[in-house]
Amino acid sequence: LYNIGQVSRQLNDYARAVDAFERYLREGGSSIPASRVSEVQRELERLHPRVARLDVSSNLTGAEISVDDLVVGHTPFTQLLSVNAGRRKVTAALEGRAPLTRVIDVAGGETTKVSFDFVDAATEALRGADSTRAGGLCQ
């Protein structure tokens, strides 16, 4: 985990570096030498301003969440998601439903809420029928 954190930082994937370093400290516990703990904590202090957190939720459980086209998990989430600061594309996909996508700008050190509300299939069908009828009237 320490090496993954180092390589991720060198590749400018700050979110992955933070996650790896935090997990390294958590899982290594008292077996990590004090000097290494201090080093990693200093590194985390430098990285945190470059990492944003996403608080992702959905009105339906089991929605597959992707950030920048990479699957990161399914709702509900028990933790915030770490992402690199900047523009991110967040998508929620659920079988039988149209995927929902949000493009958001996130600042380092901040937490942004991203909520996905899927409509039920009957409402979706009605919306489609209404747009078809409206299209027919406009011709």
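Residues numbered from 1 in each chain as written. Predicted model: local features only at pLDDT ≥ 70, side-chain atom pairs only at ≥ 80, totals over all residues. Heavy atoms only, no water.

> Hey, could you run me through the packing of helix α1 (residues 2–10) against helix α2 (residues 14–28) in this one?
The axes of two packed helices give the description: the angle between them and the distance between them. Two numbers describe how α1 lies on α2: the axes approach to 8 Å, and their chain directions differ by 160 degrees. The angle between α1 and α2 places the two elements in the roughly antiparallel class. Handedness of the crossing formed by α1 with α2: left-handed. Where α1 approaches α2, its residues Tyr2, Ile4, Gly5, Gln6, Ser8 and Arg9 are matched on the opposing element by Tyr14, Arg16, Ala17, Ala20, Phe21 and Tyr24. Of the residues belonging to the contact of α1 with α2, the class tally is seven nonpolar, three polar and two charged. (Axes fitted to C-alpha atoms, helices over the stretch in contact; angles between N-to-C directions. Helix = DSSP H or I, 4+ residues; strand = E, 2+ residues; numbered from the N terminus. Parallel < 35°, antiparallel > 145°, perpendicular 65-115°, else oblique. Left-handed = near helix turned anticlockwise from the far one by under 90°. Contact = heavy atoms within 4.5 Å. Nonpolar A, V, L, I, M, F, W, Y, C, P; charged D, E, K, R; others polar.)

> Would you mind showing me how to read the packing of α1 against helix α3 (residues 34–47) here?
As a packed pair, α1 and α3 sit with axes 12 Å apart at the nearest point and diverge in direction by 35 degrees. Read as a crossing pair, α1 and α3 show a hand that is left-handed. Side by side, α1 and α3 meet where Tyr2, Gln6 and Arg9 of the first sit next to Arg36, Glu39, Val40, Glu43 and Leu47 of the second. Residue composition of the contact of α1 with α3, grouped by class: three nonpolar, one polar and four charged.

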